[in-house]
Each structure stands twice: as C-alpha cells, then as structure tokens.
Amino acid sequence: MALSRFFVLQVLHDGPAHGYDIARAVERTTNGCCSPSEGALYPTLREFKQGGYLTSEAEVVSGRERKVYTLTDKGREAFKVGLEAWMDATTALTETGRAATARGKAKGACQC
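The model shown is predicted, which means the values in this text are computed figures rather than measured ones.

(A) Representation of the pattern of salt bridges within the structure. Taken as a whole, this structure holds three salt bridges when the rule is applied. Glu59 is the partner of Arg66 in a salt bridge, and the nearest nitrogen-oxygen pair spans 3.1 Å. On the basis of relative accessibility, which here comes to 29%, the residue Arg66 falls in the partly exposed class.

Put into structure tokens, the structure is as follows:
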C-alpha cells in the first residue's frame, strides 16, 4: 500500500472526515512530507469506497454540500494490515541504516 494511501486510512481510522480535512490531517501527520492534492485524494477515496473500505454521506454546511467519509470494518482491517506492513518496513530500514553507519565507521577506523 502506498504511504499516502495508508495515511488516508489512518486519518479515517481516527474518525469520519471530509476531503479537505483528510488532506490537511495527512499533511499534519506527516509534517508536510505527504500533502495529497485533490487530483490524488478524491480518486483514492472513490476507489476505497468502491472497494468497500469506506462509506460516504452528504452533509450540508453553510449551504454547501460535502461528503463525509467513514471507514467500514473492512477499511479498519486494511488499516491494521497496512500498519503492520509499514512497521515491518520501518524496522528493516532502521536496521539497514544502522548497518550502513557501522560499516562506514569501520572503514574510517583503519588508516593503514
């Protein structure tokens, strides 16, 4: 699962939200590293809805209609699976980084 898609699920795991709030929450959660555009976010939300990972409901706020998205049980399960996968990947990357740092220090230690 792409990292940006994972963060969309993470935001909705915390509770229902509309598109603009989802995009801003992903941006905050990732410290600006991932900032989904409307062109990327809404197709993802449509795909998640078609796949049964979320539902949407129309809501009128200040005379404007917007969709509020909510995770389904299938979406919550997908979030859990994605979280486990990303945690495993993070562990592997951390270990790789430590090994690379150790190799770099070992090379620099011997000045023959």
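(B) Region of the structure containing the nonpolar core. Val8, Leu12, Ile22, Val26, Leu45 and Leu54 are the most contacted members of the largest nonpolar core, which has 20 residues in total. Top element by residues in this core is helix 1 (residues 3-14). It accounts for six residues. Excluding residues within four positions of it along the chain, Val26 makes contact with Phe7, Val8, Val11, Cys34 and Pro36.

(C) Up close: the packing of aromatic side chains. For the coordinates displayed, the defined rule picks out three aromatic pairs. Geometrically, the ring pair formed by Phe6 and Phe79 is stacked, given 5.4 Å between the ring centres and 10 degrees between the ring planes. With Phe6 in helix 1 and Phe79 in helix 4 (residues 73-109), this residue pair connects regions lying 73 residues apart in the sequence. With relative accessibility at 6%, the residue Phe6 sits in the buried group. One aromatic cluster in this structure is built from Phe6, Phe7 and Phe79. The aromatic ring of Tyr20 is capped on one face by Arg24, whose charged end is 5.2 Å from the ring centroid. Geometry around Tyr53 places Lys74 over its ring, the cationic atom sitting 4.8 Å from the centre.

(D) Up close: the sheet that holds strand 2 (residues 54-61). Strand order in the open sheet made by the three strands is 1-3-2, with antiparallel pairing throughout. The two strands at the open ends of the sheet, each matched to only one other strand, are strand 1 (17-18) and strand 2. Sheet analysis places strand 2 next to strand 3 (residues 64-71), joined by eight bridges and oriented antiparallel. Bridging across to strand 3, Val61 finds its partner in Arg64.

(E) Up close: the environment of Ala78. Along the chain, the position of Ala78 falls in helix 4. Considered as a pair, Ala78 and Glu27 are 51 residues apart in the sequence and their alpha carbons are 21 Å apart.

(F) Quick look at helix 3 (residues 38-50). Helix length check: helix 3 (13 residues) gives 18 Å between terminal C-alpha atoms against 18 Å at 1.5 Å per residue, within 8%. Taken together, the buried positions of helix 3 are Leu41, Thr44, Leu45 and Phe48. Projection of helix 3 onto a plane perpendicular to its axis shows the buried side chains occupying an angular sector of 100 degrees, all on one side. Of the exposed residues in helix 3, the ones pointing more than 90 degrees away from its buried face are Gly39 and Gln50. Tucked inside the fold, the buried residues of helix 3 contact helix 1, helix 2 (19-29), strand 2 and strand 3. Of the residues one or two after helix 3, Gly52 is the one with positive phi, at around 85 degrees.

Parameters and conventions
- Residues numbered from 1 in each chain as written.
- Predicted model: local features only at pLDDT ≥ 70, side-chain atom pairs only at ≥ 80, totals over all residues.
- Heavy atoms only, no water.
- Salt bridge = Lys/Arg side-chain N within 4 Å of Asp/Glu carboxyl O.
- Buried < 20%, exposed > 50% of the residue type's maximum accessible area, 1.4 Å probe, protein only.
- Core = buried A, V, L, I, M, F, W, Y, C linked by side-chain atoms within 4.5 Å.
- Helix = DSSP H or I, 4+ residues; strand = E, 2+ residues; numbered from the N terminus.
- Contact = heavy atoms within 4.5 Å.
- Phe/Tyr/Trp six-rings, centres within 6.5 Å; stacked < 30°, edge-to-face > 60°.
- Lys NZ or Arg CZ within 6 Å of the ring centre and 35° of its normal.
- Pairing = 2+ DSSP bridges.
- Expected span 1.5 Å × (residues − 1).
- Arc of directions from axis to C-beta.

By themselves, these figures tell us nothing about what the structure is for.
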